[in-house]
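Tertiary structure, described
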Amino acid sequence: MNKLLPLMQREWLQHRFGWMLMVVVPFAIALLLLSFGQLAIGPDTADRVGNSLPPLLAMASIAGSGAVIFLIAGVTSLIIVAGVARRDHGDRSIEFWLSLPTTHSASLAAPLLVHLLLVPAVALLVGLTGGLLVSLVLVTRVVGIGAWIALPWGDLLPAVLAIAARLLAGLPLAMLWLSPLILLVVLLSAWFRRWAWVILGVGLGLGGQLLDRLFGQPLLSDITLGLLRGAGKALVSAGEGFQMGPNQGSEGLRQLPGWALHDFGLALRELPSPLLAGGLLFAAGCFVLLIVWRQRGAGAAG
């Protein structure tokens, strides 16, 4: 851990400005649109929803804000991680990092840990927190600030925390499912630079189609789709998605923590899978190859 912390701090120093923009810009745009844009809810919808309208608006804005920031952080982290092996080779700073008293495995694991786990997790919490402000503006514009103050916070906040806990608990599981694909991209980027995405696209896309049509073996496509499907189930909605009726109100909110716990249990049941076991072995092999490649040091920078 003493070797990982300085490397993790490096990620903070290098990316903190971009992370700040990643959070501030979406919230600024959302607040401007909600504050000065036109908001209208049809009378039929208002009558059908009734007193559940303020909680539904608040829940949608809080959960939506968290989901948007979480998605932006996840996509950004995947893009950064794809080039993490070669990022220090352009200016030869790899020679400096290789001179530090740290292991090759720690130097590779630290950015993966930060970008794939910590950044999305923090982004989710920040997004949900900022969603409270978004809900204030939205509910105030549609119903009035009194309705926002009178929201059933005793039911609403536990529901929000349940969503956050479900996503945070599912994030490491989703990364386990995606680790073969992620580490394959990192390894290909180390070996072939910018051609990595082309090789990956041709290999998984065209290669999978050729195997299926010429040899009747859709194995490659099935493996890729299986990993993506497993990651989706691990992150959220391993079973039936939660549906909150328009007239449920606080009752529906009180059911959400139980659904989140049950859904996470279903995600855990998916882990004892030959596909996941094989994928983790493949990911471990890619990580070993990355360490071997990095051990060659500046000589591999060309």
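Relevant structure appears above.
Notes on the structure follow. Bear in mind that the values here come from a model prediction, so they are computed numbers and not experimental data. Along each chain, the written sequence defines residue order, and numbers are assigned to residues from 1. With pLDDT at 70 or above as the cut-off, local features in this predicted model cover only qualifying residues; side-chain atom pairs require 80 or more to be listed or tallied, and sums for whole chains, interfaces and linings still use all residues. With hydrogens and water stripped out, all remaining heavy atoms of the structure feed into the side-chain values.

**Some details on the overall build of the chain**
Just so we agree on the cut-off: A run of H or I in DSSP becomes a helix once it reaches four residues, and a run of E becomes a strand once it reaches two; helices and strands are each numbered from the N terminus. With a 1.4 Å probe rolled over the protein chains alone, any residue whose accessible area is under 20% of its type maximum counts as buried; one over 50% counts as exposed, and the rest are partly exposed. The contact definition used throughout considers only heavy atoms, calling two residues in contact when any of these lie within 4.5 Å. Areas reported here follow the Shrake-Rupley algorithm with a probe of radius 1.4 Å; residue values treat only the protein chains shown as occluding.
Each helix and strand counted, the chain has 11 helices and zero strands in total. Across the chain, helices and strands are ordered from the amino to the carboxyl terminus as α-α-α-α-α-α-α-α-α-α-α. In the chain, buried positions account for 41% of the 302 residues. A separation threshold of at least 6 residues defines the contact pool for the chain, and within that pool the share at least 24 residues apart is 85%. When the accessible surface of the chain is split by element, carbon and sulfur atoms take 70% of a total near 16,100 Å².

**Things to note about the nonpolar core**
Note the threshold: The set of buried Ala, Val, Leu, Ile, Met, Phe, Trp, Tyr and Cys residues whose side-chain atoms join them within 4.5 Å is what this entry labels a nonpolar core.
In this structure, Met59, Leu156, Leu183 and Leu290 are the most contacted members of the largest nonpolar core, which totals 70 residues. For this core, the leading source of residues is helix α7 (residues 153–192), giving 18 residues. Those residues in contact with leucine 156 that lie beyond four places of it in its chain are Pro55, Ala58, Met59, Ile62, Leu151 and Leu253. Counting residues in hydrophobic clusters, the runner-up holds six residues, among them Leu184, Val185, Ala196 and Leu200.

**So, the pattern of salt bridges**
Rules: Whenever Lys or Arg places a side-chain nitrogen within 4 Å of a carboxyl oxygen from Asp or Glu, that contact is recorded as a salt bridge.
Counted according to the given criterion, the structure contains two salt bridges. Where aspartate 155 meets arginine 254, a salt bridge forms, and the shortest distance between an N and an O atom there is 3.1 Å. In this pair, aspartate 155 sits in helix α7 while arginine 254 sits in helix α10 (residues 250–269), placing the two residues 99 residues apart along the sequence. Taking the relative accessible area as the measure of exposure, aspartate 155 reaches 17% and is therefore buried. Using a relative accessible area of 51% as the deciding quantity, one classes arginine 254 as exposed. Of the charged contacts, one joins aspartate 263 and arginine 166 as a salt bridge, the two residues approaching to 2.9 Å between their closest N and O atoms. Residue aspartate 263 is located in helix α10, and its partner arginine 166 is located in helix α7; the two are separated by 97 residues in the primary sequence. The pair aspartate 263 / arginine 166 is uniform in exposure class, with both members buried.

**As for the environment of isoleucine 72**
Relative to the helices and strands, isoleucine 72 resides in helix α3 (residues 53–82). Along the sequence, isoleucine 72 and proline 120 sit 48 residues apart, while their C-alpha atoms lie 8.5 Å from each other. Residues within four places of isoleucine 72 in sequence aside, it is in contact with Met22 and Pro26.

**Notes on the packing of aromatic side chains**
Aromatic ring pairs: the centre-centre distance and the angle between the two ring planes describe each pair. Filter applied, for reference: Aromatic contacts are taken between Phe, Tyr and Trp rings whose centres are within 6.5 Å, Trp giving its six-membered ring; a plane angle under 30 degrees counts as stacked, one over 60 as edge-to-face, and the others as tilted.
Applying the stated criterion across every chain yields a total of three aromatic pairs. With 5.0 Å between their ring centres and 75° between their planes, tryptophan 148 and tryptophan 153 make a pair best called edge-to-face. Plain terms: the ring middles of tryptophan 191 and phenylalanine 192 are 6.2 Å apart, the flat faces sit at 90° to each other, and that makes the pair edge-to-face. Exposure remark for tryptophan 191: the relative accessible area of 42% places this residue in the partly exposed category.

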